[in-house]
Amino acid sequence: MRFTWIAMLCLLVSGLFAAQVQPRTLISPITNKPFDVNIIPFRAKDFVNQATNSPANMGIDADGCRHHSGFSEYDHYIVTCPYTYFTAVSVEWNERTGRFTQPLDAKFKKWVRSGKGLHTDWINDRNQKYKTYQQIQRAKGEPVAPINEFVIPQDQIAIDKKYTFALRSYSQRNARSAFMAKVSLTAAWAIRVHLNRQLSDPDLEAGVKEVNAKIARHIDEGEAFNLDKWHKLYRNLFHNTSLSNEAYFISGSTLLGLELRKGSYAECGEVIEKMQKRFSKLEKGEKLRGITRERKRMLGTYRTFLDSAVVYFAKAIADEEIRRSQLPTTMIAVAEGLRRTNHIDQAIDWYLAVDNMDETEPALRKSIKEQGLAPAPHAPTLVHIGWLANKRVDELMKLSPGRERVIKGPESKLLNAIVNQKLGLAVHKNPNWEPVVGANVKELEIMLNELGKALIDYEFRLEMWPDNLGNLWDDGAIPDWNRFNRFRCPVTGAPFNYAKPKTKREKLPTKTVLIACSRPVETAKGPRYLNYLANNSLVWTEKPLQPATRAP
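Residues numbered from 1 in each chain as written. Predicted model: local features only at pLDDT ≥ 70, side-chain atom pairs only at ≥ 80, totals over all residues. Heavy atoms only, no water.

(A) Geometry of the pairing of strand 2 (residues 34-39). In strand 2, alternate side chains face the same way, and those of Phe-35, Val-37 and Ile-39 are buried while those of Pro-34, Asp-36 and Asn-38 on the opposite face are not. Bridge count between strand 1 (residues 22-27) and strand 2: 6 bridges; the pairing is antiparallel. Of the residues in strand 2, the one forming a bridge with Pro-23 is Asn-38. From the end of strand 1 to the start of strand 2, which pair antiparallel, there are 6 residues, and Asn-32 there has a positive phi angle of about 70 degrees. (Buried < 20%, exposed > 50% of the residue type's maximum accessible area, 1.4 Å probe, protein only. Helix = DSSP H or I, 4+ residues; strand = E, 2+ residues; numbered from the N terminus. Pairing = 2+ DSSP bridges.)

Printed below as a string of structure tokens:
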């Protein structure tokens, strides 16, 4: 079945972490040519510790976006082929060989190199960047390579473009909605971090010094970064202080980034508008006008990425691509995306759903709130998530006078299914879902083989067999139960049979049936039943076999 690797990628994008950037030489899967990049290597065995311990010394936003002084981790998780602009998450390249790990069919490669694909963007950028390269080489008195030997440096491809190319590439490759959502959200984070990084430009140094001198008097030596304090300082500096043009730009650009972090999209527009108005007729102000225009363009792209993330996440949840244990954090990301793009009523709905989920302990939080307290730092993460959702509802209700504290918007059916019908668990009955039927025998064999291995791995890791196949999805043993047709045969649509073995695997007879087809499948030899055995093998039989019994 398609995209068997998406689970690892989803894990990566959902919990991106800071680590040491390392140089790599990778091979383009489109042209087979090498190119150099700086990436953050991903090692599954180190993931949990790195994700937990990596520093974010400028804080973490409510939706999970991490900020590091002078460094953006999100710049290094995707790779763009400089010969074609094909783009993918860096873990799709083998860390040792530099080769792309997944096959790309001829039709997709043709799309990449066509006018409908990425070719036009690549041609335009290559020609523009080649002219700049020529000017630099000639100014240095060094030879100029012909254009067919020129390779666009990875760091000269704008980060918003790279994520746009990634989303277009993955859409063409039919990636799941959950994966598209996480790439879209990461793209928004990349821009948010980018707009919070100070520009390095000699022409702006005087402005930086002027701003720093005014801010420094309010900051104690060694004081840790505090978003609320810095936002207040820069907001006052920008709106209420007399500044030189360069200092005005620095304070406005910094405030723009801080407003993005706070989620104040309207205020971001106000900052941009005031900067454009001040610089519009400024003599010799083209650089300031140009950078401000670029900031405005990136702000629009940021909103596009957030809007895409919201749409894809909602679809992924409705399609049950996201398991219950991941729903609260996912829903907070959706609610934050809606809040940050001024969709206040819809944001309230999503926050209300999180606030009312059993997993976030509504009764416990109500008791804490009535006592005038807040959850302790060591309280369960889900309690903190529920607390944030409740706080956001309180804040946003003030912006929507007359609004009732009930879920009632366009996603109300979906959100109420989450709150009241346990959507996200295998036991949830989705009336809109139909099993896949009509697959070929080979696809059935591949599916049952993978499902059987997941079952054995579950027993190995947890030292117990699941009560039912749905536990594989609920407990995270498989990345996507839709890939396994929700434990139904992809040929007939009939559910697979499973019975919990009574002993551990090492004590089971090797020919014990673990999973079996409940209905026969037409094969070249006639109707047959496919079974997965405890010795990691598949066997076809003329008669049905019962799970937890020995095959003949």
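(B) The arrangement of the confidence of the model for the protein chain in detail. Per-chain confidence: the protein chain averages 91 in pLDDT, with 94% of residues scoring 70 or above. Taking the mean pLDDT of every element in the protein chain, the minimum, 32, falls on helix 1 (residues 6-14) and the maximum, 98, on strand 5 (residues 496-498). Across residues 1-19 the pLDDT falls below 50, and counting only partners more than four positions away or on other chains, this stretch makes 67 contacts in the model. For the stretch residues 43-53, pLDDT sits under 50, and the model shows 10 contacts to residues farther than four places along the chain or on other chains. (pLDDT = per-residue confidence, 0-100. Contact = heavy atoms within 4.5 Å.)

(C) Quick look at the packing of helix 14 (residues 362-370) against helix 15 (residues 381-397). The N-to-C vectors of helix 14 and helix 15 enclose an angle of 60 degrees; their axes lie 10 Å apart at closest approach. Looking at the two axes, helix 14 sits oblique to helix 15. Helix 15 is crossed by helix 14, and the crossing has right-handed handedness. Here Leu-364, Arg-365, Ile-368 and Lys-369 of helix 14 come into contact with helix 15, specifically with Val-383, Gly-386, Trp-387, Asn-390 and Asp-394. Split into classes, the residues belonging to the contact of helix 14 with helix 15 amount to 4 nonpolar, 2 polar and 3 charged. (Axes fitted to C-alpha atoms, helices over the stretch in contact; angles between N-to-C directions. Parallel < 35°, antiparallel > 145°, perpendicular 65-115°, else oblique. Left-handed = near helix turned anticlockwise from the far one by under 90°. Nonpolar A, V, L, I, M, F, W, Y, C, P; charged D, E, K, R; others polar.)

(D) View of the packing of aromatic side chains. This model, assessed by the stated rule, comprises 20 aromatic pairs. A network of ring pairs unites the aromatic residues Phe-35, Tyr-83, Phe-86, Trp-93, Phe-100, Phe-108 and Trp-111 as a single cluster. The residue whose ring lies beneath Lys-33 is Tyr-83, and the NZ or CZ to ring-centre distance is 5.2 Å. Sitting above the plane of the Tyr-248 ring, Arg-278 keeps its charged end 4.3 Å from the centroid. (Phe/Tyr/Trp six-rings, centres within 6.5 Å; stacked < 30°, edge-to-face > 60°. Lys NZ or Arg CZ within 6 Å of the ring centre and 35° of its normal.)

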